[in-house]
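# Descriptive structure summary
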Amino acid sequence: MSSVGIEKLKITNFRSYNALELAFDSIPTVIYGKNGVGKTNLLEAVSLLYPGKGIRRSSFHDMINQSNNHPWKVEAICRRKNNLFELETSSDGKGRVVRIDGKKVPQNNLSSNMKIIWFLPPMDRIWMETSKDRRKFLDRMVFSLDIKHAKRCAQYEKLLRDRNRLLKDRIEDSSWYLAIEKEMAILGFEIDNCRRDFVEKLNTVLTEKNNYFPVIRLYLKDEPIENNEVLFENLINQRRQDLVSGRTNCGPHTNDLQGFYLEKEIDTKYCSTGEQKLSIISIILSNAKLIKEQQNISPILLLDEITAHLDEVRKENLFSELLSLESQFFISGTEGSLFNSLSTKAKFLELDVKQKFVA
């Protein structure tokens, strides 16, 4: 198993931080402090060592420290087994630059060195949010195993916008559509196939390797796309109806991730708030186990306020599961006492109102 971790972190002009430097151990890190002192900002900075827009999915401009309006930068010294490497990412608000060991690279290269997955409090309600939110949740997990998935999704979304623009402009000439629809069909089939392959693998872990948390069965609402020729034909045949609605009504962008809570035999959207949270924790832990199994790498976990509303038994079960992963994880909360049972197994860092850590 390949051990991956962050050893040093430097943040400049990011959110509430003018400058911050931290050293981490291979053991877990507990970050605690009152609300508003920058715990989530710190986790967000770490999340930018991975492709995408970080845990909040904010614009890069919004991440700039408003007191000086200079470009932000996140730098880290990381290790994989016994090898050290440097990661750096920065932005002036108009996209971002990524460097690995000083060499400028595409941001997707970040996923070749390590995997990062996370939990945020809003994820508690993912089953009550829009199908788009659930697709993004699923696609982020698919990307953890297939680094090409994000690019496929981005290309498909661009083609979808192009087709929808034609529909809204009431363009009826088929020659404007065919090239777009042909490419959409190829990408759409690949996206649907990758999602289903991932869900099948994750369901196996959810069922067979779940010690403490609810067993959830995931599935996609729509029938599988048989092949790209079938999707291409559907896009053509659907075009007349799409012209009426002004949008594309078939393809992987219309699908929805759904969950089934096996213990109660009900859809997860009908579960209690607490049960919905437990279902998401179960899925995230299973994703981490799947990464270890499929990629032979221990993912880094960022867990923001994950213990909120968990009883003592569930909280200790969570800690047990996290420690068994043998992964570096960062977990935050308002009080250090929430993590007393980790006192000999984790490094505790208190963040005060002046944004200084006390070990």
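Below: a short report on this structure. Treat the numbers as computed from the prediction; the structure is a model and nothing was measured. (Residues numbered from 1 in each chain as written. Predicted model: local features only at pLDDT ≥ 70, side-chain atom pairs only at ≥ 80, totals over all residues. Heavy atoms only, no water.)

### Notes on the overall build of the protein
- On a plain count of helices and strands, the protein comes out with eight helices and 15 strands.
- Taken over the C-alpha trace, the protein has a radius of gyration of 22 Å; the compact-globule value for 359 residues is 21 Å, and the two agree within 12%.
- Taken over 359 residues, the protein has a buried fraction of 53%.
- In the protein, 72% of the contacts between residues at least 6 apart in sequence involve partners at least 24 apart.
- Surface summary for the protein: the accessible area is close to 16,900 Å², and the carbon and sulfur share equals 47%.
- Distance between charge centroids for the protein: 4 Å, based on 54 positive and 49 negative side chains. (Helix = DSSP H or I, 4+ residues; strand = E, 2+ residues; numbered from the N terminus. Rg over C-alpha atoms; globule rule 2.2 N^0.38 Å. Buried < 20%, exposed > 50% of the residue type's maximum accessible area, 1.4 Å probe, protein only. Contact = heavy atoms within 4.5 Å. Areas by Shrake-Rupley, 256 points an atom, 1.4 Å probe, with all protein chains shown as cover. Lys, Arg positive; Asp, Glu negative; His and termini not counted. Charge placed at Lys NZ, Arg CZ, Asp CG, Glu CD.)

### Remarks on the pairing of strand 2 (residues 17–23)
- In the sheet, strand 1 (residues 4–14) pairs with strand 2 via six bridges, with the strands oriented antiparallel. Among the inter-strand pairings, isoleucine 11 is bridged to a residue of strand 2, identified as leucine 20.
- Count of turn residues in the strand 1/strand 2 antiparallel hairpin: two residues, of which arginine 15 carries a positive phi of about 50 degrees. (Pairing = 2+ DSSP bridges.)

### Brief notes about the sheet that holds strand 9 (residues 216–220)
- With respect to topology, three strands assemble into an open sheet ordered 9-10-11, the strand pairing being antiparallel. Edge positions in the open sheet fall to strand 9 and strand 11 (266–267), since each of these has one partner strand only.
- In the sheet, strand 9 pairs with strand 10 (residues 257–261) via five bridges, with the strands oriented antiparallel. When the bridges of strand 10 are listed, tyrosine 219 appears paired with glutamine 258.
- Relative to strand 9, helix 5 (residues 178–208) is tilted by about 170 degrees, and along the sheet it contacts strand 9 and strand 10. (Axes fitted to C-alpha atoms, helices over the stretch in contact; angles between N-to-C directions.)

### Considering the sheet that holds strand 7 (residues 103–105)
- As summarised here, the arrangement of the six strands in space is 2-1-4-5-6-7, forming an open sheet in which the pairing is antiparallel. In this open sheet, the two strands that pair with only one neighbour each are strand 2 and strand 7. Adjacent strand axes in the sheet meet at a mean angle of 20 degrees when their direction is disregarded.
- Relative to strand 5 (residues 83–91), strand 4 (residues 72–80) is paired through nine bridges, and the arrangement is antiparallel. Residue pairing for strand 5: cysteine 78 is matched across the bridge by phenylalanine 85.

### Points about the pattern of salt bridges
- Enumeration over the complete set of coordinates arrives at 20 salt bridges.
- Its salt-bridge partner being arginine 240, residue glutamate 172 comes within 3.4 Å of it at the nearest N-O pair. Within this pair, whereas glutamate 172 is found in the loop between helix 4 (149–168) and helix 5, its partner arginine 240 is found in helix 6 (residues 228–245), the two being separated by 68 residues in sequence.
- Its relative accessible area of 48% is what places glutamate 172 among the partly exposed residues.
- Taken together, the shared-partner salt bridges connect Arg163, Glu181, Arg239 and Asp242 into one network. (Salt bridge = Lys/Arg side-chain N within 4 Å of Asp/Glu carboxyl O.)

### Structural notes on unusual backbone geometry
- At arginine 57, a residue that is not glycine, the phi angle is positive and equals roughly 55 degrees.
- With respect to the element layout, arginine 57 can be found in the loop between helix 1 (39–47) and strand 4.
- Positive phi, normally seen in glycine, also occurs at histidine 309, with a value near 70 degrees.
- As for its placement among the helices and strands, histidine 309 is situated in the loop between strand 12 (300–304) and helix 8 (312–324).
- By relative accessible area, histidine 309 is classed as exposed at 79%.

### Focus on the packing of aromatic side chains
- Summed over the entire model, instances satisfying the criterion amount to six aromatic pairs.
- With centroids separated by 6.4 Å and ring planes inclined at 70 degrees, the aromatic side chains of tyrosine 32 and phenylalanine 348 adopt a geometry described as edge-to-face. Within this pair, whereas tyrosine 32 is found in strand 3 (residues 29–32), its partner phenylalanine 348 is found in strand 14 (residues 347–351), the two being separated by 316 residues in sequence. (Phe/Tyr/Trp six-rings, centres within 6.5 Å; stacked < 30°, edge-to-face > 60°.)

### Some words on the packing of helix 3 (residues 131–145) against helix 5
- At a minimum axis distance of 10 Å, the contact between helix 3 and helix 5 shows a crossing angle of 80 degrees. Of the possible angle classes, the one that applies to helix 3 and helix 5 is roughly perpendicular. In this structure, helix 3 uses Arg135, Leu138, Asp139, Met141, Val142, Ser144 and Leu145 to contact helix 5, whose residues at the interface are Cys194, Arg195, Phe198, Val199 and Leu202.
- Partitioned by chemical class, the residues of the contact of helix 3 with helix 5 number eight nonpolar, one polar and three charged. (Parallel < 35°, antiparallel > 145°, perpendicular 65-115°, else oblique. Nonpolar A, V, L, I, M, F, W, Y, C, P; charged D, E, K, R; others polar.)

### Digging into the environment of lysine 103
- Take lysine 103: it is sitting in strand 7.
- Sequence separation between lysine 103 and arginine 240 is 137 residues; the distance between their C-alpha atoms is 50 Å.

### Digging into helix 7 (residues 273–295)
- Under the 1.5 Å per step criterion, the end-to-end length of helix 7 is 33 Å for 23 residues, consistent within 8% with the ideal 33 Å.
- By the criterion of burial, helix 7 is predominantly enclosed, with 18 of the 23 residues buried.
- Positive phi appears at asparagine 296, one or two residues downstream of helix 7, with a value of about 55 degrees. (Expected span 1.5 Å × (residues − 1).)

### So, the environment of arginine 99
- Among the structural elements, arginine 99 can be located in strand 6 (residues 97–100).
- Separated by 24 residues in the primary sequence, arginine 99 and glutamate 75 have C-alpha atoms spaced 9.4 Å apart.
- Dropping the residues within four chain positions of it, arginine 99 is found in contact with Glu86, Leu87, Glu88 and Lys104.

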